[in-house]
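Summary of structural features
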Amino acid sequence: MTSLKPYYIRAIFEWILDNELTPYLLVDASENNNYLPKEYVKDGQIVFNITPGIVQNLNITNKEVEFDARFSGRKRQIYVSTSSILAIYAKENGRGMVFNEFEEEAVSGGGDAIDASANPQLESGANQKL
């Protein structure tokens, strides 16, 4: 059976955009199969603003999230495996979903609704700019 995680990511991404908010993706940067700008990693994690227009060629599949973004004026291709995504949430109000480490094993799947303003780790990460 396929994981529910990529479906949740796409659904919450659409919900964030429908509400004219800014979608942020929190990623575990320790996975070796990801292509990310290591110089922007903090405490083993990185936060991406994945707003269309800010990033180009955004593609969210069942296995990965890919896009092109500029960092210090330099275009970079980003590849993040779905398994390394820790959360997707709206910058403005912190609402979204955190994916727990047992999500892949859970029969009912899922994650927890979040409020980043109540979580200092997410709140500080959300302030990083691309």
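As the structure is a prediction and not an experimental result, all values here were calculated from the model. (Residues numbered from 1 in each chain as written. Predicted model: local features only at pLDDT ≥ 70, side-chain atom pairs only at ≥ 80, totals over all residues. Heavy atoms only, no water.)

The topology assignment puts T61 in the loop between β3 (56-60) and β4 (64-71). With a relative accessible area of 21%, T61 lands in the partly exposed category. Residue contacts for T61: discarding those within four places in its chain leaves P6, R10 and T82. Polar side-chain contacts of T61 include one of 3.1 Å to the backbone nitrogen of K63. (Helix = DSSP H or I, 4+ residues; strand = E, 2+ residues; numbered from the N terminus. Buried < 20%, exposed > 50% of the residue type's maximum accessible area, 1.4 Å probe, protein only. Contact = heavy atoms within 4.5 Å. Polar contact = N/O pair within 3.5 Å; in protein donor to acceptor, adjacent residues only side chain to side chain.)

A side chain with one charge can pair with a side chain of the opposite charge if their charged atoms come near. Under the definition given, this model contains 2 salt bridges. Between E39 and R76 there is a salt bridge; the shortest N-O distance is 2.8 Å. One end of the pair, E39, is in the loop between β1 (23-28) and β2 (45-49); the other, R76, is in strand β5 (residues 74-81), and 37 residues separate them in sequence. Given the relative accessible area of 53%, E39 is considered exposed. On the basis of relative accessibility, which here comes to 16%, the residue R76 falls in the buried class. A salt bridge links D68 to K75, with the nearest nitrogen and oxygen atoms 4.0 Å apart. (Salt bridge = Lys/Arg side-chain N within 4 Å of Asp/Glu carboxyl O.)

Here we come to the nonpolar core. In terms of nonpolar packing, the biggest core is built from 25 residues, with L25, F48, F67 and I88 touching the most fellow members. Broken down by secondary-structure element, the contributors of at least two residues to this core are α1 (5-18), β1, β2, β4, β5 and β6 (85-90). With 5 residues, the next largest nonpolar core counts Y24, L26, A87 and Y89 among its residues. (Core = buried A, V, L, I, M, F, W, Y, C linked by side-chain atoms within 4.5 Å.)

Here we take up α1. With 14 residues, α1 should reach 20 Å at 1.5 Å per residue; the first-to-last C-alpha distance of 20 Å fits that figure. Among the residues making up α1, those that are buried are K5, P6, I9, I12, F13 and I16. Relative to the axis of α1, the buried residues are bounded by an arc of 130 degrees and lie together on one face. In this structure, the buried side of α1 is in contact with β1, β3, β6 and β7 (95-98). In the segment just after α1, E20 is the residue with positive phi, at about 55 degrees. (Expected span 1.5 Å × (residues − 1). Arc of directions from axis to C-beta.)

Here we come to the packing of aromatic side chains. This structure, assessed with the given rule, holds 5 aromatic pairs. Their ring planes at 65 degrees and their centres at 5.9 Å tell us that Y35 and Y79 sit as a pair that is edge-to-face. Remark: Y79 occurs in strand β5 and Y35 occurs in the loop between β1 and β2; sequence separation between them is 44 residues. Their ring planes at 40 degrees and their centres at 5.2 Å tell us that Y40 and F71 sit as a pair that is tilted. Of the two residues, Y40 sits in the loop between β1 and β2 while F71 sits in strand β4, which places them 31 residues apart along the sequence. An aromatic cluster is present here, built from Y40, F48, F67 and F71 joined pairwise through their rings. Here the basic side chain of R10 rests over the ring of Y7, its NZ or CZ set 4.7 Å away from the ring centre. (Phe/Tyr/Trp six-rings, centres within 6.5 Å; stacked < 30°, edge-to-face > 60°. Lys NZ or Arg CZ within 6 Å of the ring centre and 35° of its normal.)

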